[in-house]
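Here is how the chains run, residue by residue.
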Amino acid sequence: MGGSGERARHWRYAELPGVDLLRARYVDKIFVRHTHENFVIAAIADGVEVFHHGGADQYVGPGALALVNPDTPHTGRAGVPEGWRYGAVYPSPELVAGIAAETTTVRGTPGFTSPVLDDPYAAGLVHQVLRAADDGNALAADTLLRVAVTRLLRLNGGSLPQRAVRSAGARVAARARAVLEENMAAPPALERLAADLGTSPFALLRAFRNAYGMPPHTWLTDARVRRARHLLDAGTAPAEVAAAVGFTDQPHLNRHFTRVVGVPPGAYQRERRGLRKNVQDPHGNLLLPSDAWQNSKLSQTYAVTTAENPTPPSSGTPWGSGSPSDCPVSPSG
C-alpha cells in the first residue's frame, strides 16, 4: 500500500447492495482529481484530511465527515504529518433517494449542501456500520446505514440543482465525452477531437472543464478507472482490464487505479471475492479489525454504543426530532 504504515480495505457486504465500504489509514497518499458514481460519506477517526472541492480546500478532522455528491470532482491528501485514519460508506444515489423520500422533506434529487459536517454522532454511526458489516450483522448494518443517511440529510441535505439548459459549449463537451467513452481504449488527440466537433482545442478544453470540472485527459483517466472497477467486479483479470480500458499495461492500471480508489486493483478484486476479512500489518497483526476500530478514543469522542443497540444520546438523536420513534427502521426491532 505504501510507506509509513499505510493500509486500506475497500470491500462490499452482500447484505448492503449498492454500497461500497472502506477503512483506511493514509499518510503520504494523494488522491488525484476524480469522481464517484455513489455518494461519499467519510468519517475521520484520527488526523486530518484535506480535499479540494468546489474551488476550495476543505479540512476534515476527528468527529467530522467529508460528504461528496455523485459525479462531483474532488481530491484528497493528508492535512497533518501523521496523515489520517477514517471509515467511509458509499451508498448509491438510488438508495439515498429512497431514504430521503421516506424519511425527509427533501424533494427532487437529494444531496449534501456542504462538503464538511462536524457531527461526531453521525461519524460514530458510520464506524458502527463498518463494524456491523465486519461482524456479519445484516440487520444492524442496514439499520445503522439508514439512520446515518437520514440524519445527514436532515442536518445537511437539500435538493441538488437541476441541470441548466445546455449552452453550445456544454453540448460540444457532451459530444466530446461521448466520443471518449466510445473510444476509451484508443482516444483521439485533442486537436483531432476538436476538429471533428467543429471547434478549436482551447475552446474544447474550456467547455469540457466548465461542464465536468476537469480537462478531457483527466476525465478520461477517471472514466477508465470507473470502468475498470466494473470489469473487476465482474471477475475480469486485471491484465485484461488494463487492455480493455486503454491503459498500456497492468502496472499502468495499478498506478492510476490506486491513485483514485485507494487500493490496488488486485486487492480490490480479492475483497469482492471475499478472500480477505481484515487488513494486516507487515507482522501479521490486524491493523483495522472490527473491535479495534471501535476503540476507546472513538467511544469517548462519539459516545458510540454497540451496533446491536444504537441508542442515541439525549442531546442529539440521529432522527433530528429527539424521538427514537421517528427512526425509519426501529433499531430495537
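Quantities reported herein were computed from a predicted structural model and do not represent experimental measurements.

What counts, and where the lines are drawn
- Residues numbered from 1 in each chain as written.
- Predicted model: local features only at pLDDT ≥ 70, side-chain atom pairs only at ≥ 80, totals over all residues.
- Heavy atoms only, no water.
- Pairing = 2+ DSSP bridges.
- Helix = DSSP H or I, 4+ residues; strand = E, 2+ residues; numbered from the N terminus.
- Axes fitted to C-alpha atoms, helices over the stretch in contact; angles between N-to-C directions.
- Contact = heavy atoms within 4.5 Å.
- Salt bridge = Lys/Arg side-chain N within 4 Å of Asp/Glu carboxyl O.
- Buried < 20%, exposed > 50% of the residue type's maximum accessible area, 1.4 Å probe, protein only.
- Polar contact = N/O pair within 3.5 Å; in protein donor to acceptor, adjacent residues only side chain to side chain.
- Arc of directions from axis to C-beta.
- Core = buried A, V, L, I, M, F, W, Y, C linked by side-chain atoms within 4.5 Å.

Caption draft 1: Seen up close, the sheet that holds strand β7 (residues 64-68). Spatial strand order, β1-β2-β9-β4-β7-β11: six strands in an open sheet with antiparallel pairing. Each of the sheet's edge strands pairs with one partner strand only, and the pair in question is β1 (7-12) and β11 (116-118). The mean angle between the axes of side-by-side strands here comes to 15°, regardless of whether they run parallel or antiparallel. Of the strand pairs in this sheet, strand β2 (residues 19-26) and strand β9 (residues 84-91) are connected by eight bridges, and their pairing is antiparallel. Paired with Tyr 26 across the bridge in β9 is Trp 84. Against the sheet, helix α10 (residues 265-272) engages β1 and β2, with an angle of about 40° to β1.

Caption draft 2: Structural detail: the pattern of salt bridges. Scanning all chains against the criterion turns up 15 salt bridges. Ionic pairing is found between Asp 20 and Arg 12, a salt bridge with its closest N-O pair at 2.5 Å. Owing to a relative accessible area of 5%, Asp 20 belongs among the buried residues under this scheme. A salt bridge links Asp 71 to Arg 226, with the shortest nitrogen-to-oxygen separation between them at 3.2 Å. Placement of Asp 71 in the loop between β7 and β8 (74-78) and of Arg 226 in helix α7 (residues 216-233) is noted, with a sequence separation of 155 residues between them. With a relative accessible area of 46%, Asp 71 lands in the partly exposed category. Residues joined in a network through salt bridges with shared partners are Arg 12, Asp 20, Arg 229, Asp 233 and Arg 272.

Caption draft 3: Representation of the sheet that holds strand β5 (residues 49-53) within the structure. Spatially, β3-β8-β5-β6 is the arrangement adopted by the four strands of the open sheet, whose pairing is antiparallel. Since the sheet does not close on itself, it has two edges, and those belong to β3 (30-34) and β6 (56-60), each with one partner. Within the sheet, the average angular offset between the axes of one strand and its neighbour, ignoring direction, is 20°. Summarising the sheet, β5 and β8 pair through two bridges and their orientation is antiparallel. Paired with Glu 49 across the strands is Ala 78, a residue of β8.

Caption draft 4: How the structure looks around the side chain of Thr 258. Checked against the element boundaries, Thr 258 lands in helix α9 (residues 250-261). Looking at Thr 258, its side chain comes within polar contact range of the main-chain oxygen of Asn 254, at 2.8 Å. Excluding anything up to four places from it in sequence, Thr 258 contacts Lys 29, Val 263, Pro 264 and Pro 265.

Caption draft 5: Expanded view of helix α1 (residues 93-103). What α1 keeps buried is the set Leu 95, Val 96, Ile 99, Ala 100 and Thr 103. Buried residues of α1, viewed axially, fall in a sector of 130°; they line one side. Facing away from the buried surface of α1 by more than 90 degrees, the exposed residues are Glu 94, Ala 101 and Glu 102. In this fold, the buried residues of α1 make contact with β2, β9, β10 (110-112) and α3 (138-156).

Caption draft 6: The environment of Thr 75, seen in detail. For Thr 75, the position within the fold is in strand β8. The exposure class assigned to Thr 75 is partly exposed, which follows from its relative accessible area of 21%. Taking the C-alpha atoms as reference points, Thr 75 and Asp 57, separated by 18 residues in sequence, lie 9.1 Å from one another. Discounting residues that sit within four places of it in the chain, Thr 75 has contacts with Phe 31, Val 32, Arg 33, Phe 51 and His 52. Here His 52 takes part through its backbone nitrogen, which lies 2.9 Å from a polar atom of the side chain of Thr 75.

Caption draft 7: Looking closely at the nonpolar core. Of all hydrophobic cores here, the largest spans 48 residues; its most connected members are Tyr 86, Trp 219 and Phe 257. In terms of residues, this core owes the most to one element, α7, which gives six residues. Ignoring sequence-local partners within four residues, the contact set of Trp 219 consists of Arg 177, Leu 180, Glu 181, Phe 208, Tyr 212 and Met 214.

So yeah, pure geometry; function would need other evidence.
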